[in-house]
Structures are given as structure tokens and as C-alpha cells.
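If you want the building blocks of each chain, they are given just below.
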Amino acid sequence: MKKIIVAETAGFCMGVRRAVNMVLELVEETHEPIYTIGPLIHNPQVVGLLRQRGVIPVQRLSEIQKGTVVIRSHGVSPSIRRGLEEKGLRIIDATCPRVARVHRLVEQYAEQGALIIILGDPGHSEVEGILGFAGSNARVVQGPDEIPQLPEANSVLLVAQTTQSQKKFEETAEAVKKRYCELDTERVRIINTICDSTERRQAEVSELAKEAQAFVIVGGKESANTRRLQKLVQSSGLPAYLVESEDELDFEALLNVDKVGLTAGASTPNWMIRRVYEELHRRSLMTRWFPLRVFYQLLRFIGILNFYLGLGGALLTALVGILLSDKLNPYACFANFFYIFSIHNFNVLSSPRLLEVIEPARGKFFIRHRGPLVYLSLFGLVSGAVFAFLINPWALLFYAGLSILSLLYQAQFRPQTKRGIFRFRSLMDIPASKDLFSALAWSVMIVLLPIAPGAHFSLKVWLIFALIFLMVLARSIIQDFRDLQADRLAGKETIPTLLGADRSRILIHLLLSLAVLTLIIYFLLYNSSHLPALGLATGLLWLWLCVPLFTRRAVIQGLRAELMIDFSFILAGILGLLMSIF
Ligand code: SF4
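Residues numbered from 1 in each chain as written. Predicted model: local features only at pLDDT ≥ 70, side-chain atom pairs only at ≥ 80, totals over all residues. Heavy atoms only, no water.

## Observations concerning unusual backbone geometry
Of note in this structure, Asn 306 is not a glycine but carries a positive phi near 65°. In this fold, Asn 306 is placed in the loop between α11 (290-304) and α12 (307-325). Residue classification places Asn 306 among the buried residues on the basis of a relative accessible area of 5%. Positive phi, close to 60°, is recorded for Asp 326, a residue that is not glycine. The residue Asp 326 is located in the loop between α12 and α13 (330-350) in this model. (Helix = DSSP H or I, 4+ residues; strand = E, 2+ residues; numbered from the N terminus. Buried < 20%, exposed > 50% of the residue type's maximum accessible area, 1.4 Å probe, protein only.)

Encoded structure:
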């Protein structure tokens, strides 16, 4: 496998995203049980995460006694809705607007006495819902072959389940025109109700099929639109492997394939696509040149264990030392390397379960080696303390205070309650605190630790402090984009889950603009330090380039993306140090 081509359209469609968001908003506002008739989407992990937050899928109305019921994006028939109303349940209607449009069309034409023909999968919940609006004079067909057997009619309407294949709809439409050729054209209404999201997904797959030699399609085996994508690929003569997770990948079959297309159904969360992508990518590297394989494994290891991030922090500390006092403080670099490495590892150790879902390689590693990793992180923290002491005893106090605060930040003090300020179990649960706290902790450790105490807190110090704070905060928000969907489902309140993707992107640009402005002020005020500060300018530029790359497409952001984003610190440090030599 040389190349994996990821479809732009892979992942949640508008209707599914809307339904999931409506349920998540409901979770925040109500104490009552929340039910969905059938799973909200065909994905066991999403259903599992939602269940943990009190959203229970049921198969029958009789299973619900009281509470709130959410109608899924597929919609329901009027009789089911009446049943819900008669039970006195609170109804939240998350029917996709495009499905609701089909309901209205069908109802209108049925009232005029037309025969309603629905191209769809019999028994599928969306089709059942549409049938409910169509009354008794309606038929579900699976293709053009069934049209000649349809009864006589004075007028007909042909619509489609929103995820049907475009080609099949066109063929069925032709068959309907032929079957009812004796009727006036205005009595034979053909309305293509296939959703444009489905159309785009199918069109892209057809396009990619010209380039790829095989396809992997990620999605629920029960999901009609996912199965249809598989058929579409197969109809172009290519093998298509439908998998629900990376565990089902058949690498033997893909061994001699150069280019693999990767797409997913409308209800597949982006982290599942990413998991499959990561596994495909990992396996593809296994077939490469030996030194490259070793290099990749090493990079993975230092990335997973946060050594890489620690290195970034240490290099920034070295650069800041040169900017502030024209000399590098090696003790401060080591202290910060160990602090960042240990605290970030403790962070993962405090919640490895969610990580196991969205990033199994790291999650499983931390669960499997929990004991040794706790000791390793403790060892790191103590080693950092020794280096802080070597700076001076005050720096040790500083280091110890911030380390305790960082550990307390992650500690859970009490069971969670649902509302108000008392819903927080730990400081970590306070909205957006992770991004703000880590930016603050990094800036304090990198800028203030080496000069504590008694140093002159000049304007120069505060300018560098602000720069590091803005840079780390922007980096943290970019990283959060990767897990936006999963964080929302799990109820984690990061800046992107609170502000939404668009406003968070604006915020990142704002933070980076402020950082550049701070750097310009620094340049203007402290001419002598121009060259090393160029390292910071380059790091900022790198981070800025990461914004469009990693906040637009969440699908392929795995460990590689994380390493690329954090490379901004390493680049800033190395370039700054090199510049200081000249
Ligand atoms: S596929 Fe289209 S119609 Fe169906 S839920 Fe998604 S956006 Fe709505």
C-alpha cells in the first residue's frame, strides 16, 4: 500500500450531526431519562458514549414510561408520533429537514389521491416513516424491475429514500414514465429526494474509483447508506471492504494494492475513520524500507509518551533563556522537559477510557502499562524537581507548587451532579479550563521558573510571557479540533466544543495575530535580540500554517498531526538557538 486516499465527504452528514447535537443539548438541560427509538446512529461506540450520558435507545414504545423521547434523523410515521403524544412524553423532533420534506411531499400528493411510489429499502426506518405519511395507496420498490407490476393509477408520485443510489433512481424514473405513459406528464410526478449529501458522497466515490484499486468503507453493517457505498464501488469493478472498526481490516487482501480509497457512511464518527486510517497507514509503513520503519516506530513511541512535547518545552525554555538573559539555562530546560512530560502523562492516565475510543493506540498503551507509567511519570516529576533545585531553592518551591496545582487540577474531588457550579467534580471539568490552564502553566514554567525569584519582571519578561501563553493556547485549541466530535459526545467542554468550530478558528487566528503583534513590539523595543527571536516568529508561522490543515478536516488527524502541530515549539527552539550562535 503506497497511498491512502481519504474521501472529503466521509463522516457525519448534516442530518446526523444535527440530531447528535440536539441530543447533546438536551443532555445538558434535562434531568429526565432521554430515549431514542432505535439507536441515534448506527455506531455502537457513539451509542455507548451516549448511554453513559443517559441517552437510552429502545426498540418499542412500550419500553418508555416517562421522560423525553428524541425522534431520530430518519423520522417516524404519524401513528408513532401520536403514540408518543398519547403517552404524554416530551418529544424532541430531530427528523432531518430533508426527510421531513419527503414527508410533506408524500402527504400532499396522497391527499390528492396519487399512487405514492417510494424507491427504498423495505423495513428501513426512514422508509417506514415515509410510508406512514403516504396512506394506504403507496408501494415501496427496490428498483425498476418492480415497476411493471404496480397497479393502475390516475396519478403517481415517485420519491426516494434520501440515501438511495442516484443511478437506480434514474432507472426507476424511466420505468415509471414507461409504465404510466398513458397519463398526462403532470400526472406523473417524479421528484428526486435523494439528499445532496448522499449524492456528493456517491459522486466522490465514483471519482476516486478511477484512481484507487480498492476501497475500505467504514460504517455500520446495518447502515443502508454505507452498504450502498460498498455496492457503488463494487459496480465499478473494484473490491470494497466494509468495516465497522480497524479490527476488521483485511490486510492480506490489501497487500498488493498501491492506492486504497477510504470513505465512510453518513453516521460514522470521524474518530472511527481516523482509527481505520491510522491502522492502514501503520500497516503500509510496515512494508517499507527497514530504517524508515524503525524511525516511524520511534517517532510513535516518543509521541505517545509525550517525550516529544517535553522536548518542545525544553527547547522553548532554552530560547527564552537566551532572549531574556543571553544565556541558556540547562537546568531549567531539563526541569521543564520532565514537568511537561510527566504532567501530560498524568493527564492521559486520569482519563484513558475516552482515549481508548478515539485513539486506541495511545489509550490501550496507557491502560496496559498504567503501573509502570505512573512510576515513570512520578520519576519524571521528581527529576524535574532536582533540576529546579539546581537552579536555586526558590525555583524548586516554584516547581513544586505548580506541579501540585497541576496534579490537583486533574484530581476528582466528588461525584458529579447535573447542574450549576456543583456539577464539576474537578478543576478539569470547568469549561475551557484545560486549554487556559495548560497555556498558563507552560508560560509560568518556561518564562518565570528560570528567573524566579527576585528577578526583575521587566516589560521584556512580560512580552515573552504573553507570547508563550498565546502560542501554547493556540496550539492547545488546534489540538482540540481533532477530538471535537468525541469531546462533545463525552461532555468534555473544550474551547471548540463551547464556541463551535467556526468561532474557535477565528479565536485561533486572533490569538496568533496577538502573538505576532507582541513579537513586533518586542522587535521594536529590543533590537539586539532580533536573531534568536526569529525562531519564535518561525514557530508561530508554522503553527499558523497548521490552522487550515488541521481545523478543517478532522478525519485524518492522528498522531502525525499532533507531532506536526507540536513541531512548532521544536522549530522555534532549534532555529532560535541556531540564530543565537550567529
Ligand atoms: S443523508 Fe441527507 S437526508 Fe439523510 S439524514 Fe443525512 S443529511 Fe439528512
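## Here we look at the pattern of salt bridges
Pairs can form between side chains of opposite charge whenever their charged atoms are close. Applying the stated criterion across every chain, the model contains 21 salt bridges. Across the pair Lys 221 and Glu 248 runs a salt bridge, and its minimum N-O distance is 2.7 Å. One end of the pair, Lys 221, is in the loop between β10 (214-218) and α8 (224-235); the other, Glu 248, is in the loop between β11 (240-243) and α9 (251-254), and 27 residues separate them in sequence. When its relative accessible area of 35% is taken as the criterion, Glu 248 is described as partly exposed. (Salt bridge = Lys/Arg side-chain N within 4 Å of Asp/Glu carboxyl O.)

## Some details on the nonpolar core
Formed by 83 residues in total, the largest nonpolar core has its most connected members in Tyr 399, Val 447, Ile 468 and Leu 536. Setting aside chain neighbours within four positions, we find Tyr 399 in contact with Ala 335, Phe 338, Tyr 339, Gly 380, Leu 381, Gly 384, Ala 385, Ala 388, Met 445 and Leu 449. If you look at the next biggest cluster of nonpolar residues, it comprises 31 residues, including Val 218, Val 233, Val 276 and Tyr 277. (Core = buried A, V, L, I, M, F, W, Y, C linked by side-chain atoms within 4.5 Å. Contact = heavy atoms within 4.5 Å.)

## Section: the sheet that holds strand β4 (residues 68-71)
Read from one edge of the open sheet, four strands run β3-β2-β4-β5, paired in parallel fashion. Strand pairing shows two members of the sheet lacking a second neighbour, β3 (55-58) and β5 (90-93), which therefore form its edges. The sheet shows a mean angle of 30° between the axes of neighbouring strands, taken without regard to direction. For β4 and β5, the ladder comprises four bridges, and the chain directions are parallel. In the strand pairing of β5, Ile 71 is matched with Asp 93. (Pairing = 2+ DSSP bridges. Axes fitted to C-alpha atoms, helices over the stretch in contact; angles between N-to-C directions.)

## Side note on the site of the ligand
All residues adjacent to the ligand are Cys 13, Gly 15, Cys 96, Arg 98, Val 99, Thr 162, Thr 163, Cys 195 and Thr 198. The class makeup of the residues in the shell around the ligand is four nonpolar, four polar and one charged. (Near = heavy atom within 4 Å. Nonpolar A, V, L, I, M, F, W, Y, C, P; charged D, E, K, R; others polar.)

## Re the packing of aromatic side chains
Following the criterion strictly, the structure yields 13 aromatic pairs and no others. On the numbers, 6.4 Å between centres and 85° between planes, the contact of Phe 301 with Phe 365 is edge-to-face. Here Phe 365 lies in helix α15 (residues 360-368) and Phe 301 lies in helix α11, a separation of 64 residues in the sequence. On the accessibility criterion, Phe 301 (40% relative accessible area) is partly exposed. A residue is classified by how much of its surface remains accessible, and Phe 365, at 21% relative accessible area, is partly exposed. Ring pairing ties together the aromatic residues Phe 301, Phe 307, Phe 334, Phe 337, Phe 338, Phe 341, Phe 365, Phe 366 and Phe 387, which thus form one cluster. One cation-aromatic arrangement involves Arg 179 over Tyr 180; the distance from NZ or CZ to the ring centre is 4.7 Å. Note that Arg 283 overlies the ring of Phe 251, its terminal NZ or CZ placed 4.0 Å from the centroid. (Phe/Tyr/Trp six-rings, centres within 6.5 Å; stacked < 30°, edge-to-face > 60°. Lys NZ or Arg CZ within 6 Å of the ring centre and 35° of its normal.)

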